[in-house]
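Breakdown of the fold
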Amino acid sequence: MTSSPYFSLAVLFVAALGFGLAPLGLAWLWARAFSPPKPNPIKNAIYECGLVSKGDAWVQFRSAYYLYGIIFLIFDVEAVFLLPFAVAFTGLGAAACAAMLVFVLLLVEGLAWAWAKGVLTWV
Amino acid sequence: MMNYELESNDMDQELKIELGKQGIFVTTIEDLYNWGRRSSVWPMQFGLACCAIEMIATTMARYDLARFGAEVFRPSPRQADLMIVSGTVTKKMAPQVVRLYNQMAEPRYVIAMGACAISGGPFKQGYNVLKGIDRYIPVDVHIPGCPPRPEALIQAFITLQEKIDGQHLTGPDRPRYLDANAQGEFPVPERGEHDLEPTSNQGVWPVQIQGLRD
């Protein structure tokens, strides 16, 4: 058996396994001997807090806020583009102004669409 | 009992010092275990009143509680070893403090910081002030002061470390948390008509309480 070319591999495998499992086993033994469990209803409560939890965690809530968030983000990014546009306005040609107008109108169209869909109405 | 006496390292103290002089380091599992525990006491992150400001100062750069291994203030009682009751415990707050203490994992320690936490302090005559948190939970170290300076909190912490160092893993004088039969629940008081009910935990506060002013 020792003549097998895989013998040294098997020895290394067992050693590697022992290296991983021995600390786990020792920790388990230590916990058995020196940390007796002391459970009680307060300690085992689902949520750790000075106050007793009330009600059920399974409640429904509207996730509508993300629509507001996205619309805000779009116009926030628009403002980032508008600022350099305003700074360089006097030096710009008609084509640049038209391009910026298209950009703003595209976003305004999106806002109008969202408005028409009733997204801006909080329910 | 006899076996325990032999294992105790108190008897070998001189031999230990002698071997240390020769460059040989001798220790016990108990010593190593306690060294590890006292060097990583994680306090719970909560403050009740003005003492909490001093507690915060203690953790910051000038006083630096991190030197003693206690810089990690945990926001969850399940990850904390030490409860620093820093400030006035009102009767409205006492049930929450006791409940949080119950939710801490064993072994757990309590430092009652300041005059209010140990006795009610200047507000002792107040109808809504608990006259010492040690009426409901076992306190390991009391620090007087109003508020105690950060040095006082550090000294209390070192005192607690010494206490942890002296705790035995086996034997009749081992701490409560190592005793499988000892209970780990400390009853949470409730707000009664005139006072908290019960007015104290008889297990940790054997003194009889007569009236509201006691």
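Our subject in this report is the structure included herewith. Worth saying up front: this structure is predicted, and the values here are computed from it rather than measured. (Residues numbered from 1 in each chain as written. Chains lettered and ligands numbered in written order. Predicted model: local features only at pLDDT ≥ 70, side-chain atom pairs only at ≥ 80, totals over all residues. Heavy atoms only, no water.)

1. Some remarks on the packing of helix α3 (residues 29–38) of chain B against helix α7 (residues 150–165) of chain B
Residue and element names in this part refer to chain B. Where α3 meets α7, the axes come as close as 9 Å, and the angle between the chain directions of the two elements is 155°. In terms of axis orientation, α3 runs roughly antiparallel to α7. Once α3 is placed against α7, the crossing between them reads as right-handed. In this structure, α3 contributes Asn34, Trp35, Arg37 and Arg38 to the contact, and α7 contributes Gln161, Ile164 and Asp165. For the contact of α3 with α7, the residue count by class is two nonpolar, two polar and three charged. (Axes fitted to C-alpha atoms, helices over the stretch in contact; angles between N-to-C directions. Helix = DSSP H or I, 4+ residues; strand = E, 2+ residues; numbered from the N terminus. Parallel < 35°, antiparallel > 145°, perpendicular 65-115°, else oblique. Left-handed = near helix turned anticlockwise from the far one by under 90°. Contact = heavy atoms within 4.5 Å. Nonpolar A, V, L, I, M, F, W, Y, C, P; charged D, E, K, R; others polar.)

2. A word on the packing of aromatic side chains
Applying the stated criterion across every chain yields a total of six aromatic pairs over all chains. The interplanar angle of 70° and the centroid separation of 5.5 Å between the aromatic rings of B:Tyr101 and B:Phe186 together place this pair among those described as edge-to-face. Of this pair, B:Tyr101 sits in helix α5 (residues 94–103) while B:Phe186 sits in the loop between α7 and β4 (190–191), and the two are 85 residues apart along the sequence. The exposure classification of B:Tyr101 matches that of B:Phe186, with both residues buried. Taken together, the ring pairs in this structure connect A:Trp30, A:Phe34 and B:Tyr33 into an aromatic cluster. Stacked on the ring of B:Tyr101, the Lys or Arg B:Arg108 has its end atom at 4.4 Å from the ring centre. (Phe/Tyr/Trp six-rings, centres within 6.5 Å; stacked < 30°, edge-to-face > 60°. Buried < 20%, exposed > 50% of the residue type's maximum accessible area, 1.4 Å probe, protein only. Lys NZ or Arg CZ within 6 Å of the ring centre and 35° of its normal.)

3. A short note on the pattern of salt bridges
All names here are of chain B. Across all of its chains, the model carries nine salt bridges over all chains by this definition. Put simply, Asp31 and Lys16 hold a salt bridge, and the shortest N to O gap is 3.2 Å. Taken together, the residues Asp31 in helix α3 and Lys16 in helix α2 (residues 13–21) connect sequence positions 15 residues apart. A salt bridge links Asp165 to Arg38, with the shortest nitrogen-to-oxygen separation between them at 2.7 Å. Residue Asp165 is found in helix α7, and its partner Arg38 is found in helix α3; the two are separated by 127 residues along the sequence. A residue is classified by how much of its surface remains accessible, and Arg38, at 22% relative accessible area, is partly exposed. Each of Glu106, Arg108 and Arg176 takes part in salt bridges that share partners, so that together they form one network. (Salt bridge = Lys/Arg side-chain N within 4 Å of Asp/Glu carboxyl O.)

Interpretation note: all reported values are geometric properties and have no functional meaning in isolation.
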